[in-house]
Amino acid sequence: METQVENLINNVDDDYYLLSFTDDELYDILVKSDEWSEFDYSLSKKLLKERGKSVDDELLKSLKLKRIKELAKPEGNQKGWIIAGYIFAFLGGFLGLIIGYFLWTSKKTLPNGQKVFSYYPKDRRNGKYIFYISLIIFPISFLIKLFAKII
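A separate point is the overall build of the chain. Within the chain, the regular secondary structure consists of seven helices and two strands. Each helix (α) and strand (β) of the chain, taken in turn from the N terminus, gives the series α-α-α-α-α-α-β-β-α. The globule rule puts the C-alpha radius of gyration for 151 residues at 15 Å, and the 25 Å found for the chain is more than 25% above it. The dimensions of the chain, computed from C-alpha atoms along their principal axes, are 80 × 30 × 25 Å. Per-residue burial over the chain gives 29% buried out of 151 residues. Sequence-distant contacts, at least 24 apart, represent 61% of the contacts inside the chain between residues at least 6 apart. Accessible area of the chain: about 10,400 Å², with a carbon and sulfur share of 60%.

Okay, the packing of aromatic side chains next. One pass over the structure, following the stated rule, counts eleven aromatic pairs. Judged by centre distance (6.2 Å) and plane angle (85°), the ring pair of phenylalanine 21 and tryptophan 36 falls under edge-to-face. Of this pair, phenylalanine 21 sits in the loop between helix H1 (2-10) and helix H2 (23-31) while tryptophan 36 is found in the loop between H2 and helix H3 (38-50), placing the two residues 15 residues apart along the sequence. When its relative accessible area of 19% is taken as the criterion, phenylalanine 21 is described as buried. Residue classification places tryptophan 36 among the partly exposed residues on the basis of a relative accessible area of 28%.

Turning next to the pattern of salt bridges. Counted according to the given criterion, the structure contains six salt bridges. The salt bridge involving aspartate 23 is made with arginine 51; its shortest N-O contact spans 2.8 Å. With aspartate 23 in helix H2 and arginine 51 in the loop between H3 and helix H4 (57-72), this residue pair connects regions lying 28 residues apart in the sequence. Taking relative accessible area as the criterion, aspartate 23 reaches 21% and is therefore assigned partly exposed. Relative accessible area serves as the criterion here: at 34%, arginine 51 is assigned to the partly exposed category. Connected via shared salt-bridge partners are Asp23, Arg51 and Lys53.

Looking at where glycine 85 falls in the secondary structure, it is placed in helix H5 (residues 79-90). Take glycine 85: its relative accessible area is 0%, and that puts it in the buried class. Sequence-distant contacts of glycine 85, that is, excluding residues within four places in its chain, are made with Gly96, Ile99 and Ile130.

At a minimum axis distance of 7 Å, the contact between helix H6 (residues 94-105) and helix H7 (residues 121-150) shows a crossing angle of 150°. In this view, H6 runs roughly antiparallel relative to H7, as classed from their interaxial angle. Here H6 and H7 pass one another in a crossing that is left-handed. Judged by residue contacts, Phe94, Gly96, Leu97, Gly100, Tyr101, Leu103 and Trp104 of H6 engage Asp123, Arg124, Gly127, Lys128, Ile130, Phe131, Tyr132, Ser134, Leu135 and Phe138 from H7. Per-class residue counts for the contact of H6 with H7 are ten nonpolar, four polar and three charged.

Let us look at the packing of H5 against H7. At a closest axis distance of 8 Å, the pairing of H5 and H7 adopts a crossing angle of 15°. When the interaxial angle is binned, H5 and H7 end up roughly parallel. The element H5 and its partner H7 pack so that their crossing is left-handed. The residues of H7 that touch H5, namely those facing Ile82, Gly85, Tyr86, Ala89 and Phe90, are Asp123, Asn126, Tyr129, Ile130, Ile133, Ser134 and Ile137. For the contact of H5 with H7, the per-class residue count stands at eight nonpolar, three polar and one charged.

Rules used in this analysis
- Residues numbered from 1 in each chain as written.
- Predicted model: local features only at pLDDT ≥ 70, side-chain atom pairs only at ≥ 80, totals over all residues.
- Heavy atoms only, no water.
- Helix = DSSP H or I, 4+ residues; strand = E, 2+ residues; numbered from the N terminus.
- Rg over C-alpha atoms; globule rule 2.2 N^0.38 Å.
- Buried < 20%, exposed > 50% of the residue type's maximum accessible area, 1.4 Å probe, protein only.
- Contact = heavy atoms within 4.5 Å.
- Areas by Shrake-Rupley, 256 points an atom, 1.4 Å probe, with all protein chains shown as cover.
- Phe/Tyr/Trp six-rings, centres within 6.5 Å; stacked < 30°, edge-to-face > 60°.
- Salt bridge = Lys/Arg side-chain N within 4 Å of Asp/Glu carboxyl O.
- Axes fitted to C-alpha atoms, helices over the stretch in contact; angles between N-to-C directions.
- Parallel < 35°, antiparallel > 145°, perpendicular 65-115°, else oblique.
- Left-handed = near helix turned anticlockwise from the far one by under 90°.
- Nonpolar A, V, L, I, M, F, W, Y, C, P; charged D, E, K, R; others polar.

Written as structure tokens, this is what we have:
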């Protein structure tokens, strides 16, 4: 596959979009290689070398590690989802179960294959509480509605 990519790189059309990228944009492709194709990654390296820029493998490794750490960070504040989850949980809605479970267990896969939780521990703990509250209130609410129809 690498040989095919090398052959393709040597035969790139003059209007290929990467040829108009700045050096910073090409470096960005190298850092965020998980978002680009193998061809674009290899072509970026080649273009930077042709422009006289250094493409140090050690630097690339450290930048990729930094990127992995950045991607591994949990997503920001989930206050809106937490509030909605508690509201739905106490109203006896099924949505409380879904929101709670999602906040509690959601994971994302990093480019290196590692899986990490998507949310901060505090948000995950709230998701767990929402899930268990919903798990208790939802069946009770369902039974009350069922008996109300019968009576």
